[in-house]
Amino acid sequence: MAGSALKRLMAEYKQLTVNSPEGILAGPKSEENFFEWESLIMGPEGTPFEFGAFPADLIFPKDYPMSPPKMKFTCEMFHPNVYRDGHVCISILHAPGDDPLGYESSAERWSPVQSVEKILLSVISMLAEPNPESGANVDASKMYRDDREQFCKIANRLVRKSLGL
């Protein structure tokens, strides 16, 4: 199984190097291990995260693409859909099948047709349009809903921090 996962990851990496979407850089941390990637996501234009450069790791299971990778920001991040430890909580990264809580449809969750590119584009969309109703970070969700100005101030501080300012 790991052999087919490795082939798939190599193909996805090649595709990203040939035609990388704007605002995304991603690839294996080393040529010896294609199951651990690092990425850099640029904050989407017109959002509180604009101009930020946010690093994150992707860890792929040996049965990829049957199971989704785990994604974790390696910088400070304050966002409704990012746990305090940096792990990203979006539907595309949830295991395939029906949601035991009935919140997500199976079509929103992981499927083997997804790709690293689609994951990273989904994270850019998540940064642009948080879902405070599915909050991984309750404090960020509450602030996003109730005090958007303060949320934007924190996001702007994180942007400056991501740039070393």
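So, here's what we can say about the structure.

Let's talk about the packing of helix 3 (residues 138–146) against helix 4 (residues 148–162)
(1) Moving on: In the contact formed by helix 3 and helix 4, the axes pass within 6 Å of each other and the chain directions differ by 125°. It follows that helix 3 is oblique to helix 4 by the angle criterion. Contacts from Ala 140, Met 143, Tyr 144 and Asp 146 of helix 3 reach helix 4 at Arg 148, Gln 150, Phe 151 and Ile 154.
(2) Moving on: In terms of residue class, the contact of helix 3 with helix 4 is made up of 5 nonpolar, 1 polar and 2 charged.

Quick word on the side chain of Ser 141
(1) Moving on: Note that Ser 141 resides in helix 3.
(2) Moving on: Note on Ser 141: relative accessible area 3%, which makes it buried.
(3) Moving on: Residues in contact with Ser 141, not counting those within four places in the same chain, are Pro 80, Pro 132 and Gly 135.

Considering the sheet that holds strand 3 (residues 53–59)
(1) Moving on: Pairing is antiparallel across the open sheet formed by 4 strands, whose spatial order is 1-2-3-4. Each end of this open sheet is capped by a strand with a single partner; those strands are strand 1 (24–30) and strand 4 (70–73). Adjacent strand axes in the sheet meet at a mean angle of 25° when their direction is disregarded.
(2) Moving on: Direction of pairing for strand 3 relative to strand 4: antiparallel, over a ladder of 4 bridges.

Description of the packing of aromatic side chains
(1) Moving on: Applying the stated rule across the entire model yields 9 aromatic pairs.
(2) Moving on: Taking 6.0 Å as the distance between ring centres and 40° as the angle between the ring planes, the aromatic pair formed by Phe 78 and Phe 151 counts as tilted. One end of the pair, Phe 78, is in the loop between strand 4 and helix 2 (116–128); the other, Phe 151, is in helix 4, and 73 residues separate them in sequence.
(3) Moving on: The class of Phe 78 is buried, set by a relative accessible area of 13%.
(4) Moving on: Residue classification places Phe 151 among the buried positions, given a relative accessible area of 1%.

Description of the pairing of strand 3
(1) Moving on: The element strand 3 is largely enclosed, with a buried count of 5 among its 7 residues.
(2) Moving on: As judged from the 7 bridges shared by strand 2 (residues 33–42) and strand 3, these two strands associate in the antiparallel manner. If you follow Glu 38 over to strand 3, its bridge partner there is Asp 57.

Some thoughts on the pattern of salt bridges
(1) Moving on: All told, the structure shown has 7 salt bridges when counted by the stated rule.
(2) Moving on: Between Arg 8 and Glu 12 there is a salt bridge, and its shortest N-O distance comes to 2.7 Å. On the criterion of helical spacing, the pair formed by Arg 8 and Glu 12 is a turn pair, its members being 4 residues apart in helix 1 (residues 2–18).
(3) Moving on: In this structure, the salt-bridge partner of Arg 84 is Asp 139, at a minimum N-O distance of 2.1 Å. In this pair, Arg 84 sits in the loop between strand 4 and helix 2 while Asp 139 sits in helix 3, placing the two residues 55 residues apart along the sequence.
(4) Moving on: Here Asp 139 falls in the partly exposed class, since its relative accessible area comes to 44%.
(5) Moving on: Within this structure, Glu 76, Arg 157 and Lys 161 form a network of salt bridges that share partners.

Procedures and definitions
- Residues numbered from 1 in each chain as written.
- Predicted model: local features only at pLDDT ≥ 70, side-chain atom pairs only at ≥ 80, totals over all residues.
- Heavy atoms only, no water.
- Axes fitted to C-alpha atoms, helices over the stretch in contact; angles between N-to-C directions.
- Helix = DSSP H or I, 4+ residues; strand = E, 2+ residues; numbered from the N terminus.
- Parallel < 35°, antiparallel > 145°, perpendicular 65-115°, else oblique.
- Contact = heavy atoms within 4.5 Å.
- Nonpolar A, V, L, I, M, F, W, Y, C, P; charged D, E, K, R; others polar.
- Buried < 20%, exposed > 50% of the residue type's maximum accessible area, 1.4 Å probe, protein only.
- Pairing = 2+ DSSP bridges.
- Phe/Tyr/Trp six-rings, centres within 6.5 Å; stacked < 30°, edge-to-face > 60°.
- Salt bridge = Lys/Arg side-chain N within 4 Å of Asp/Glu carboxyl O.

It is worth stressing that arrangement in space is one thing and function is another; only the former is reported here.
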